[in-house]
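Given next are the chains, with one letter for each unit.
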Amino acid sequence: MTPAEPLAPLSVRAQAPAELAVPGSQWGLTWRGIGPDDAAALHALVEALEDWDRLPYRSSLEETSDRVGEQGPDSALNVLGGYDHAGQMRAFGLVRYAPDDEQSARVFLDGGVHPQYRRSGVGTALLEWELGRARQLLAGVDRPVRARIVANVEETTPDAAPMLLERGFEARRWYFDLQRDLAAPLPQIDLARNLETVPWTADLDEQVRQAHNESFSAHWASEPMSAERWHAERAFFAPEWSFLVLDRTSDRAQVVGYLLSGRYEQDWICQGWSEGYIDMLGVRPDWRNRQIATALVVRAMRAYAAAGIDFASVGLDTAQPDPNYGLFAALDFQAIHSSTMYSIEF
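So, a few notes on the structure that sits alongside this text. (Residues numbered from 1 in each chain as written. Predicted model: local features only at pLDDT ≥ 70, side-chain atom pairs only at ≥ 80, totals over all residues. Heavy atoms only, no water.)

This part is about the packing of aromatic side chains. Centre distance and the angle of the planes are the two values used to describe a pair of aromatic rings. According to the stated counting rule, one finds seven aromatic pairs in the structure shown. Arranged with centres 5.0 Å apart and planes meeting at 80°, the rings of Trp 200 and Phe 237 form a pair that is edge-to-face. Of this pair, Trp 200 sits in the loop between strand S7 (195–199) and helix H7 (205–215) while Phe 237 sits in the loop between helix H8 (227–232) and strand S8 (243–247), and the two are 37 residues apart along the sequence. Per residue, the accessibility class of Trp 200 equals that of Phe 237, and both read buried. Both rings, one in Tyr 264 and one in Tyr 277, keep their centres 5.8 Å apart while their planes meet at 85°; by these two values the pair is edge-to-face. Taken together, the residues Tyr 264 in the loop between strand S9 (254–262) and helix H9 (265–271) and Tyr 277 in strand S10 (residues 275–283) connect sequence positions 13 residues apart. As far as burial versus exposure is concerned, Tyr 264 and Tyr 277 are alike and both buried. Connected via pairs of aromatic rings, a cluster forms that spans Phe 236, Tyr 264 and Tyr 277. (Phe/Tyr/Trp six-rings, centres within 6.5 Å; stacked < 30°, edge-to-face > 60°. Helix = DSSP H or I, 4+ residues; strand = E, 2+ residues; numbered from the N terminus. Buried < 20%, exposed > 50% of the residue type's maximum accessible area, 1.4 Å probe, protein only.)

Printed below as a string of structure tokens:
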């Protein structure tokens, strides 16, 4: 086997522009960087876009603030807002570098344009700015790793896809929101005698984090979750709906499977129903094919139903646009929404 060619430095591969111009003023918009003080204005725009585009979720003000706040002191460099003559934000672009990545270097693009300004060239200009900023961020990475610039397109906003394809993006992953009516009967799942399903507890959470990293170590784009990141991404964690499977073969029980749920009540009004959301589900490799994941999903659905919740929901990440939903299909989950991940990789 021929050894792989060494990667050129990202400072070369990124092809970053030396100067980065903001979109022009021809749309009657004034452009400037966004900081934490602008979170409320950004959230008002995000709310309007989610409603107009009929998205099956709603961002909370806390989530929007986090999108800006996680940029730290560089927020004004990585988040751009376009304001009309009345001072209202009408468009935004956000570029987020994933600092915890070890095996790759990723930058995520996000943004939106108020319906009044769509199909005018604003979105194209914002995308050009985002791409340039993404390449600048990647050019500063000194690790010899592959790079990926990522943008997601919701099925309700397909107009964004041609812009991405024209600039070298390719569709690489498909995401499906699945739902299961909790009024329908649930199956009985019996695990082996040495395996026990128990409620999540804080004293086992570090074991859960380690089990998660092990379970997803071979996933196509997985990066190890640091303890800091693990605890930071818990704003909507529902411990009462989260469960673990322990292997009690030895004196010291070990976590071999886990299901962590989220409670996103801000979504329920726009959806017209309540749901328990499966945020994380994993089984360590040596314990797979023992119905552990199925048992965890059924246990969580029983907890949702006992709380008077209408549906169980989960997001599925696949390499095919028309996938088999596996255990979720067997449990009568149905797809209700989808999005596509586009990326440039080098």
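All right, on to helix H2 (residues 39–52) then. Since one α-helical turn is 3.6 residues long, residues separated by three or four positions face the same way. The end-to-end C-alpha distance of H2, which contains 14 residues, comes to 20 Å, matching closely the 20 Å that a straight helix rising 1.5 Å per residue would cover. All buried positions along H2 are accounted for by Ala 39, Leu 42, His 43, Leu 45, Val 46, Leu 49 and Glu 50. Around the axis of H2, the buried residues are gathered within 165° of arc, so they sit on the same side. Turned more than 90 degrees away from the buried face of H2, the exposed residues are Ala 40, Asp 51 and Trp 52. On its buried side, H2 packs onto helix H3 (61–69), strand S3 (89–97) and strand S4 (104–113). Arg 54 sits one or two residues past H2 and shows a positive phi near 55°. (Expected span 1.5 Å × (residues − 1). Arc of directions from axis to C-beta. Contact = heavy atoms within 4.5 Å.)

Direction vectors running N to C along H2 and H3 enclose 120°, while the axes themselves pass 9 Å from each other. Accordingly, the angle class assigned to the pair H2 and H3 is oblique. When you trace H2 past H3, the crossing you get is right-handed. Of the residues in H3, those touching H2 at Ala 39, Ala 40, Leu 42, His 43 and Val 46 are Leu 61, Thr 64, Ser 65, Arg 67 and Val 68. (Axes fitted to C-alpha atoms, helices over the stretch in contact; angles between N-to-C directions. Parallel < 35°, antiparallel > 145°, perpendicular 65-115°, else oblique. Left-handed = near helix turned anticlockwise from the far one by under 90°.)

Another aspect to go through is the environment of Asp 286. Position of Asp 286 relative to the elements: it lies in the loop between S10 and helix H10 (292–306). Residues Asp 286 and Leu 109, 177 residues apart in the sequence, show an inter-C-alpha distance of 36 Å.

Time to look at the pattern of salt bridges. Scanning the model with the defined rule gives 19 salt bridges in all. Ionic pairing is found between Arg 209 and Glu 206, a salt bridge with its closest N-O pair at 2.6 Å. In this pair, Arg 209 and Glu 206 both sit in helix H7, three residues apart, roughly one turn of the helix. Taking the relative accessible area as the measure of exposure, Arg 209 reaches 14% and is therefore buried. Its salt-bridge partner being Arg 263, residue Glu 240 comes within 3.9 Å of it at the nearest N-O pair. With Glu 240 in the loop between H8 and S8 and Arg 263 in the loop between S9 and H9, the pair connects residues that are 23 residues apart, well separated along the chain. For Arg 263, a relative accessible area of 29% gives the class partly exposed. (Salt bridge = Lys/Arg side-chain N within 4 Å of Asp/Glu carboxyl O.)

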